[in-house]
Amino acid sequence: MFGYYFNLALRSLRRNVVLTALMISAIGIGIGASMTMLTVFRAASGDPIPGKSAQLFVPQIDNFGPQSKMPIETDDLLPPVVTYFDADEWMRSHPAVRQAAMYPISITITPSDPTRNPIRADARATYGDFFSMFNVPFQFGGPWSRVEDSSHAAVIVLTRELNHVLFGGANSVGKNLLVGDKTYRVIGVMDEWRPTPRFYDVDGATFSGQDQLFLPFTRAIEEQMPTVARFNCDQTGPGKGWQGLLASNCVWIRFWVELPSARDVASYQSFLHNYAAEQLQRGRFNWRARVGLRNVRQWLSYNHVVPPTVETLTSVSFALLLVCILNAIGLMLAKFMARTGVISIRRALGASRLAIFGQFMLEAAVIGLAGGLVGLGLIQLGLVSCRLVLERDLSVLARLHGSDVLIAMTLALVATLLAGLYPTWRAMQVPSALQLKTQ
Amino acid sequence: MLKMTRLSKVYRTEMVETYALRDLSLEVQEGEFVAVMGPSGSGKTTFLTIAGLLEELSAGEYWLDGVDTRGLNDRVRSRLRNEKLGFVFQSFNLISDLDVYNNIDVPLRYRGLSGSERRRRIDAVLERVGLSSRAHHYPAEMSGGQQQRVAIARALVGEPRLLLADEPTGNLDTQMARGVMELLEDIHRRGATVVMVTHDPDLAARAQRVVYITDGQIMALGGAPQLVHAAQGHGLATHS
């Protein structure tokens, strides 16, 4: 019967082209608006590291105390970054399965080809655990080990893109590169890896930014490579010179740990509390410092990574979808009830109410799919508008992926089937004796 | 074939209760041709809708081909309608955007027959009503008589046990009406049971038996010529 109902649906839609176009447009506009914003919202709020986001945590400690007037942006006033002192202590204690301190730097790379100009690149100083902790895929070679962390080795990992720029995409493992005025050996080339949002550093270009090169944290500290991130210091300031900064109370290091089980989490929390108590005992703090431990999802929410504008626009667009569905209900009701005569003839000839339900719901499904296709066109248009209107960092999210197409078509189908329920129910209630009674 | 016992049909509103049929008892034997007559508003059409399982009865019993129809759910009633009954309406009730072939196909679709079986039956019934050459014409392209032949073909294609006709010639001129009536008689001769509602005493006279309904009750039963004569003589029969 599916083929028969499908054929009847097409005949019905051809019968009143204007009404059909209005219904399809109503669904298409609703889907177009809602899915445009949902696409941006999903990209902004998606899980950047599925399967592991519940095992990766950011530890925090209240470095400035309850009397602090520091402009900390978090809701509970815990700094999102830590001092070099704390990062160094935590790395040495190593209570987690994996852990990595990190900070962003900007470097100059001089290509071996003398005819090419030096390149500025965004880089990240971190520990070798970064790669295994964040499941970073490698095209060539691999990450450096803890031995190289300890020996402050002059090694680097390139992204696929930077390797393409510097070496034409060839296997560059073992080759040397001049970074600043020092020679570094390429130890690995990453494969495509762009977690969105860039959860491990939500400062700055969270959605559009990408590190192009990675080098050992210990080496960067030894080479006195300054951070390009913001850092906060209390009234004592950053101290004198590089060693002064390292010994200061300034916060600028990001820290991530991997805690695979609830037991690991509880154990790490104890470690943090004990660490805070120890700082009080040692007289470093004259307050009992609060601590925090948040996983990836909690961390993104805590940092308000999804801008409120996107959340509001998404809600408004779904309200518009609701209005469009209500319109579609009205139009479908008008269309279906104009066919009471035919319905009663079909009932007299043996169609059960269930058969009428099937026929009209399939017609609604065809309208939904057509509306979904119109919606896809409008989504493309909407995303182009978003790229023009949204700030640059967010505008990179305005791209349609395969999963968005699937969601759009499913949403169109489900929304139209829901919209078709009431008109179809009314069609089912048409008395089968109507034609006899009214002739 | 059809047995109604003390059957009543009541239409209720908040204010009024109207009896369309009251304590009506009637039996139609297999192979009979029965005409149902009566003035407008007498309950003829209600009788036909209940006989055709298009409406539920309010009280009494209705047995169709040995099946007690009380309390049957919609699915079973629809299946009985599809398999045992054929309808011919006064205003043909063809579906305007389906051609002749697809109009006749409608009841077969609900029966779930294969494509080849449907095609065989439709070709045969079109041949029988003399419209083989019009299979792909639309209702609007045909005369009233031809449309009624299509409607009869649609009623016959499912090989029903009982054909219910509601003023089948009411919208036709004399010549076309004669053709349709001859077709109904032919169907009856081939073994179908026919119940025909009509205002026309001449048509009723061609049935084997006439039932006269007034105010929802059967006022008279009898052989067709006698009752039609009596109806004409006593003002029982009225013309629309």
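Counting restarts for each chain: residues are numbered from 1 in the order of the written sequence. All chains are assigned letters beginning at A, and all ligands numbers beginning at 1, according to the order in which they are written. Totals for whole chains, interfaces and linings use all residues, but because this is a predicted model, local features are given only for residues with pLDDT of at least 70 and pairs of side-chain atoms are given and counted only at 80 or more. The side-chain quantities take in all heavy atoms of the structure and omit both hydrogens and water.

**Student:** Please give an account of the overall build of chain A that cites residues and values.
**Tutor:** Looking only at helices and strands, chain A has 16 helices and ten strands in total. Along the longest, intermediate and shortest principal axes, the C-alpha atoms of chain A span 100 × 60 × 35 Å. The proportion of buried residues among the 439 residues of chain A is 53%. Working definition of accessibility: Shrake-Rupley area with a 1.4 Å probe, residue cover restricted to the visible protein chains. Only carbon and sulfur atoms are counted for the fraction: they give 59% of the accessible area of chain A, which is about 19,200 Å². Only four residue types enter the charge count, namely Lys and Arg as positive and Asp and Glu as negative; His and the chain termini do not. The location of each charge is read from NZ of Lys, CZ of Arg, CG of Asp or CD of Glu. The average position of the 39 basic charges and that of the 31 acidic charges among the side chains of chain A differ by 14 Å. For the purposes of this entry, the term helix denotes a DSSP run of H or I that reaches at least four residues, the term strand denotes a run of E that reaches at least two, and both are numbered from the N terminus. Residue exposure (1.4 Å probe, protein chains only): buried if accessible area is under 20% of the type maximum, exposed if over 50%, otherwise partly exposed.

**Student:** Could you give an account of a nonpolar patch on the surface, with specific residues and numbers?
**Tutor:** Residue and element names in this part refer to chain A. Judged by side-chain polarity, Ile 29, Leu 320, Val 323, Val 374, Leu 378 and Leu 381 come together as a nonpolar surface patch covering roughly 470 Å² of accessible area. Mapped onto the nonpolar patch, the elements with two or more residues apiece are helix 11 (308-337) and helix 13 (353-389). By residue number, the principal contributor to the nonpolar patch is helix 13, which donates three residues. When you line up the elements, Val 374 lands in helix 13. Patch rule: a residue counts if its relative accessible area is over 30% and it has no salt bridge; like charges are joined within 9 Å, and nonpolar side chains (Val, Leu, Ile, Met, Phe, Trp, Tyr) within 5 Å. Salt bridge criterion: a side-chain nitrogen from Lys or Arg within 4 Å of a carboxyl oxygen from Asp or Glu.

**Student:** Which residues make up the packing of helix 11 of chain A against helix 15 (residues 402-428) of chain A, and what values do they have?
**Tutor:** Residue and element names in this part refer to chain A. In contact at an axis separation of 9 Å, helix 11 and helix 15 are set at 35° when each is read in the N-to-C sense. The handedness of the crossing between helix 11 and helix 15 comes out as right-handed. Contact residues: helix 11 offers Phe 318, Leu 321, Ile 325, Ala 328, Ile 329, Met 332, Leu 333, Phe 336 and Met 337, while helix 15 offers Leu 411, Ala 415, Thr 416, Ala 419, Gly 420, Tyr 422, Pro 423, Thr 424, Arg 426 and Ala 427. Of the residues that constitute the contact of helix 11 with helix 15, the class distribution is 15 nonpolar, three polar and one charged. To get an axis, a line is fitted to the C-alpha atoms, and for a helix only the part in contact is used. The angle between two axes follows their N-to-C directions and goes from 0 to 180 degrees. With the far helix as reference, a near helix turned anticlockwise by less than a right angle produces a left-handed crossing, and one turned clockwise produces a right-handed crossing. The contact criterion used is simple: two residues touch if any of their non-hydrogen atoms lie within 4.5 Å. Gly is placed with the polar residues, together with every amino acid not listed as nonpolar (Ala, Val, Leu, Ile, Met, Phe, Trp, Tyr, Cys and Pro) or charged (Asp, Glu, Lys and Arg).

**Student:** Tell me about the side chain of B:Asp105, and please be specific about residues and values.
**Tutor:** Here B:Asp105 is to be found in helix 3 (residues 100-111). Look at B:Asp105 and you get buried, because its relative accessible area is 2%.

**Student:** I'd love a proper account of the interface of chain A and chain B, names of residues and values included.
**Tutor:** With 24 residues of chain A at the interface, the matching set in chain B holds 29 residues. Interface area for chain A against chain B, summed over the two sides, is near 2,400 Å², with a carbon-plus-sulfur share of 58%. A salt bridge links B:Asp97 to A:Arg15; the shortest N-O distance between them is 2.2 Å. Under the rule applied, a polar contact is a pair of N or O atoms within 3.5 Å (in protein, one hydrogen donor and one hydrogen acceptor; residues adjacent in sequence only if both atoms are side-chain atoms). Here chain A and chain B share seven residue pairs in polar contact (both at pLDDT 80 or more) between them. Secondary-structure elements contributing two or more residues to the side of chain A that touches chain B are helix 1 (2-15), helix 12 (340-348), helix 13 and helix 16 (434-438) of chain A. Throughout, buried area stands for the accessible area (probe radius 1.4 Å) lost by two parts on being put together, summed over both.

**Student:** Tell me about the sheet that holds strand 4 (residues 59-64) of chain B, and name the residues and values.
**Tutor:** The strands making up a sheet associate through backbone hydrogen bonding, with each pair oriented either parallel or antiparallel. All names here are of chain B. Taken in spatial order, the four strands of this open sheet run 2-1-4-5, and their pairing is antiparallel. Each end of this open sheet is capped by a strand with a single partner; those strands are strand 2 (17-28) and strand 5 (67-68). When DSSP finds two or more bridges between a pair of strands, those strands are recorded as paired. Two strands pair when backbone bridges link them, and strand 1 (residues 2-12) and strand 4 are joined in this way by five bridges, in the antiparallel orientation. Residue pairing across strands places Met 4 opposite Tyr 62, the latter belonging to strand 4. Those strands touched by helix 1 (residues 44-51) are strand 1, strand 2 and strand 4, and its axis lies near 115° from that of strand 1.

**Student:** Quick rundown of the domain arrangement of chain A? Include the residues and the values.
**Tutor:** All names here are of chain A. Taken as a whole, chain A is organised into domain 1 (2-45 + 307-438) and domain 2 (56-302). Domain extents, as shown, originate in an automatic or database domain assignment. Placing the centre of domain 1 and that of domain 2 at their C-alpha centroids yields a distance of 49 Å. The interface is formed by eight residues belonging to domain 1 together with nine residues belonging to domain 2. Taken together, both faces of the contact between domain 1 and domain 2 bury some 560 Å²; the carbon and sulfur share is 55%. Where domain 1 packs against domain 2, one counts one residue pair in polar contact (both at pLDDT 80 or more). Elements supplying a minimum of two residues to the side of domain 1 that touches domain 2: helix 2 (17-45) and helix 14 (392-395). Taken together, the residues of the side of domain 1 that touches domain 2 sort by class into five nonpolar, one polar and two charged.

**Student:** Tell me about the pattern of salt bridges, and name the residues and values.
**Tutor:** Residue and element names in this part refer to chain A. Summed over the entire model, instances satisfying the criterion amount to 37 salt bridges over all chains. A salt bridge links Asp 211 to Arg 124; the nearest nitrogen and oxygen atoms lie 2.7 Å apart. Of the two residues, Asp 211 sits in the loop between strand 7 (182-190) and strand 8 (213-216) while Arg 124 sits in strand 3 (residues 119-126), which places them 87 residues apart along the sequence. Asp 211 sits in the buried class, given a relative accessible area of 4%. The shortest N-O distance in the salt bridge between Asp 191 and Arg 160 comes to 2.5 Å.

**Student:** How would you sum up the state of the cysteines? Please name residues and give values.
**Tutor:** Residue and element names in this part refer to chain A. Any two cysteine sulfur atoms within 2.5 Å of one another count as a disulfide. All chains considered together, the criterion is met by one disulfide over all chains. The side chain of Cys 233 participates in a disulfide bridge whose partner is Cys 250; the two sulfur atoms lie 1.9 Å from each other. A torsion of 110° about the S-S bond marks the disulfide between Cys 233 and Cys 250 as right-handed. Here Cys 250 lies in the loop between helix 8 (241-247) and strand 9 (254-258) and Cys 233 lies in the loop between helix 7 (217-222) and helix 8, a separation of 17 residues in the sequence. For Cys 324, which is in no disulfide, the shortest distance to another cysteine sulfur is to Cys 386 and amounts to 17 Å. Since its relative accessible area comes to 8%, Cys 324 is described here as buried.

**Student:** Any details on the packing of helix 3 of chain B against helix 5 (residues 144-156) of chain B? Residues and values, ideally.
**Tutor:** Residue and element names in this part refer to chain B. For the pair helix 3 and helix 5, the least separation of the axes is 8 Å and the interaxial angle reads 30°. Accordingly, the angle class assigned to the pair helix 3 and helix 5 is roughly parallel. For the element pair helix 3 and helix 5, the recorded crossing hand is right-handed. Note on element contacts: helix 5 touches helix 3 through Val 150, Ala 153 and Arg 154, opposite Val 100, Asn 103, Ile 104 and Pro 107. Split by residue class, the contact of helix 3 with helix 5 holds five nonpolar, one polar and one charged. Note on angle classes: values under 35 degrees are labelled roughly parallel, values over 145 roughly antiparallel, values of 65 to 115 roughly perpendicular, and the remainder oblique.

**Student:** Could you give an account of the packing of aromatic side chains, with specific residues and numbers?
**Tutor:** Residue and element names in this part refer to chain A. Paired rings are identified among Phe, Tyr and Trp, the last through its six-membered ring, by centres lying within 6.5 Å, and are further divided according to the angle between planes into stacked (under 30 degrees), edge-to-face (over 60) and tilted (the rest). Taken as a whole and judged by the stated rule, the model has 31 aromatic pairs over all chains. Between Trp 90 and Tyr 275, the ring centres sit 5.7 Å apart and the planes meet at 70°, which makes this aromatic pair edge-to-face. Note that Trp 90 is positioned in helix 3 (residues 84-93) and Tyr 275 in helix 9 (residues 262-281), a separation of 185 residues in sequence. As far as the burial class goes, Trp 90 and Tyr 275 line up, both buried. Residues Trp 256 and Trp 299 carry aromatic rings whose centres are separated by 6.4 Å and whose planes lie at 80° to one another, so their mutual orientation is edge-to-face. One end of the pair, Trp 256, is in strand 9; the other, Trp 299, is in helix 10 (residues 296-302), with 43 residues separating them in the sequence. With a relative accessible area of 1%, Trp 299 lands in the buried category. Among the aromatic residues, those joined into a cluster by ring pairs are Phe 130, Phe 131, Phe 134, Phe 138, Trp 144, Trp 193, Phe 199, Tyr 200, Phe 214, Trp 256, Trp 299 and Tyr 302.

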